[in-house]
Amino acid sequence: MDMFVVQGGRSLSGSLRVSGSKNASLPIMAATLAVDGVVNLANVPNLADVRTLARLLEQLGMHVHRSDGGGLRLQTISASTSVADYDLVRTMRASVCVLGPLLARRGWACVSLPGGCQIGHRPIDLHLRGLAALGAELWTERGYVFGRCSRLRGARIPLSGVQGSTVTGTCNVLSAAVLAEGTTVIEGAACEPEVVDLANFLNACGARITGQGTPELTIDGVDALHGCDYEVIPDRIEAATLLTAAAMTRGTLSLSGVVAEHLEVVLQVLRDVGARIELEEDSIRLTGPDVIQPAEVTAVPYPGFPTDTQAQLMALLSLAKGRSVVKDCVFPDRFLHVSELCRLGAKIQREGNTALIEGVPYLSGANVMASDLRASAALVLAAVAARDESTIRRIYHLDRGYEQLECKLNQLGASVTRTVDAPQNIPLPLQPSTLIPPGIKRPA
Ligand code: EPZ
């Protein structure tokens, strides 16, 4: 199992280009199950979740090929099986997005319920409610969702739940409704840029979707979707992660290939904590502050502050001059990074879906363990900013959603070494002499 050894105390500066969006690529790849023809996707990041979904699509009778130019070529070769089995689905929740296109195109599906997740309870009741409203017969048995239907029928579907809109739920229902007979209206749809990107992709395949980016999507069903060439949007969460890294290490970063409007609230929070931000054509230039100001931030669905960047922001606010508050209204339990940040010297107290952060003058290197994708990113940022050396175990969490993040950070001046988690690779613990404050005699 891989781990990182990080030499801290580095300022991160330089220029980088952001990768394509993981959370746009996954539902778009799943939606190609509903397409008759070849789809060429550009700007799809080469990371673990994309590779996992590619394997699942091949199990479902598709040919998925990474071209020399880095794009993905996808085409259905055989529709002989519509079973998405537990082994792959349990490793990646977004696999559930194959359910809608399989029902729409093949009339039946058997998809393992997605595995549990470290960021909290993640049901799929809204996905199932939406697909049932389109006329699918769905039942769950032995950890699988079974579904069958003749041709789906358009319907008016209220799709938000107690916690608000659902991103992949909207994607799942949207990818089914495009082939339904008649018109579908999805109320309470997610407005995230990744949902907009899926709608634009489906329209490029001949679908007829309007309202993308608003809570109400209207879909006039068509009989078939044709292949197309499509470029996936940049990854706004990777961009936010890299900008936060520069902001917490007093660095100067120029990020290209970004869509600034996808990051409006994140950029405002970074300005609030003292960063200077300049926007150019398709790039963002950030200069980190000498003194990080505290902030109060609440994660809510788009266009609000993204829950996928609250862990990284918490790492930054750990070094603020004063007390900050971070609340997560999307995933109230998404705080597993708190205890690990505290091992690095942060002073954070959790109260329900809220974290109270008392800024400290510096973080100190330690041995920490990643727990989920964005918590891992927060730990890497904190270790890069901390004094001394840190180790971060279970880096496979990070590899799920970032394309070689350590290489990008090292390009900016960090010192992050990937190694195998084995005793001989663990730096020796702090020597006793460095643990005993000066002036105190060592015990005999
Ligand atoms: C997507 O997850 C993203 N994943 C997540 O990013 C992101 O954190 C999340 O949206 C919120 O923005 C992908 O796009 C692959 P939701 P998703 O359905 O769709 C509740 C990352 O780090 N809910 O929008 O699974 C749910 O429990 C990942 O890249 C129901 O109650 O999230 C949550 O509280 C982590 N019933 C809220 O809605 C449902 O049927 C929002 O969840 C579905 C969701």
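See above for the structure.
Below or above, wherever it landed, is the structure these notes cover. It should be emphasised that the depicted structure is a prediction, and the values quoted were computed from it without experimental measurement. (Residues numbered from 1 in each chain as written. Predicted model: local features only at pLDDT ≥ 70, side-chain atom pairs only at ≥ 80, totals over all residues. Heavy atoms only, no water.)

**Observations regarding the overall build of the chain**
Then comes step 1: Broken down by element type, the chain carries 15 helices and 24 strands.
Then comes step 2: For 444 residues, the compact-globule estimate of 2.2 N^0.38 gives 22 Å, and the chain sits close to it at 23 Å.
Then comes step 3: Over its C-alpha atoms, taken along the principal directions, the chain stretches across nearly 80 × 45 × 45 Å.
Then comes step 4: Scored against the burial criterion, the 444 residues of the chain give a buried share of 55%.
Then comes step 5: Of all intrachain contacts in the chain linking residues separated by at least 6 positions in sequence, the fraction that spans at least 24 positions is 73%.
Then comes step 6: Of the roughly 18000 Å² of accessible surface on the chain, a fraction of 50% belongs to carbon and sulfur atoms. (Helix = DSSP H or I, 4+ residues; strand = E, 2+ residues; numbered from the N terminus. Rg over C-alpha atoms; globule rule 2.2 N^0.38 Å. Buried < 20%, exposed > 50% of the residue type's maximum accessible area, 1.4 Å probe, protein only. Contact = heavy atoms within 4.5 Å. Areas by Shrake-Rupley, 256 points an atom, 1.4 Å probe, with all protein chains shown as cover.)

**Considerations on the sheet that holds strand E23 (residues 389–393)**
Then comes step 1: Ordered in space as E22-E23-E1-E24, the four strands form an open sheet in which the pairing is mixed. Of all the strands in the sheet, just strand E22 (367–369) and strand E24 (415–420) have a single pairing partner and so form its edges. Strand-to-strand twist of the sheet, defined as the mean angle between neighbouring strand axes without regard to direction, takes the value 25°.
Then comes step 2: Strand direction decides the pairing type here: strand E1 (residues 2–7) and E24, joined by six bridges, are antiparallel. Its bridge partner being in E24, Val5 is matched across the sheet by Thr417.
Then comes step 3: Contacts from helix H12 (residues 373–385) reach E1, E22, E23 and E24, with the element oriented near 170° to E23. (Pairing = 2+ DSSP bridges. Axes fitted to C-alpha atoms, helices over the stretch in contact; angles between N-to-C directions.)

**Brief notes about the nonpolar core**
Then comes step 1: Met29, Leu41, Val98, Phe201, Leu202 and Leu225 are the most contacted members of the largest nonpolar core, which has 75 residues in total.
Then comes step 2: Element by element, the count of residues in this core is highest for helix H1 (residues 22–31), at six residues.
Then comes step 3: In contact with Leu41, other than residues within four places in its own chain, are Ile28, Met29, Gly71, Leu72, Leu74, Phe201 and Tyr230.
Then comes step 4: Val266, Ile292, Val297 and Tyr402 belong to the second largest nonpolar core, which has 71 residues in total. (Core = buried A, V, L, I, M, F, W, Y, C linked by side-chain atoms within 4.5 Å.)

**With respect to unusual backbone geometry**
In most cases, non-glycine residues show a negative phi, while peptide bonds are predominantly trans.
Then comes step 1: Following Tyr302, the chain continues into Pro303 via a peptide bond in cis, with omega recorded as 15°.
Then comes step 2: As for its placement among the helices and strands, Pro303 is situated in the loop between strand E18 (296–299) and helix H10 (310–317).
Then comes step 3: Even without a glycine there, the phi angle at Asn43 is positive, about 70°.
Then comes step 4: If you trace the backbone, Asn43 turns up in the loop between strand E3 (36–42) and helix H2 (48–59).

**Considerations on the side chain of Glu192**
Then comes step 1: Tracing the chain through its elements places Glu192 in the loop between strand E11 (183–187) and helix H7 (193–204).
Then comes step 2: The side chain of Glu192 is buried and forms no salt bridge, while Arg236, the nearest opposite charge, is found at 4.9 Å.
Then comes step 3: A polar atom in the side chain of Glu192 sits 3.0 Å from the backbone nitrogen of Tyr302.
Then comes step 4: Residues within four places of Glu192 in sequence aside, it is in contact with Val167, Arg236, Pro301 and Tyr302. (Lys, Arg positive; Asp, Glu negative; His and termini not counted. Salt bridge = Lys/Arg side-chain N within 4 Å of Asp/Glu carboxyl O. Polar contact = N/O pair within 3.5 Å; in protein donor to acceptor, adjacent residues only side chain to side chain.)

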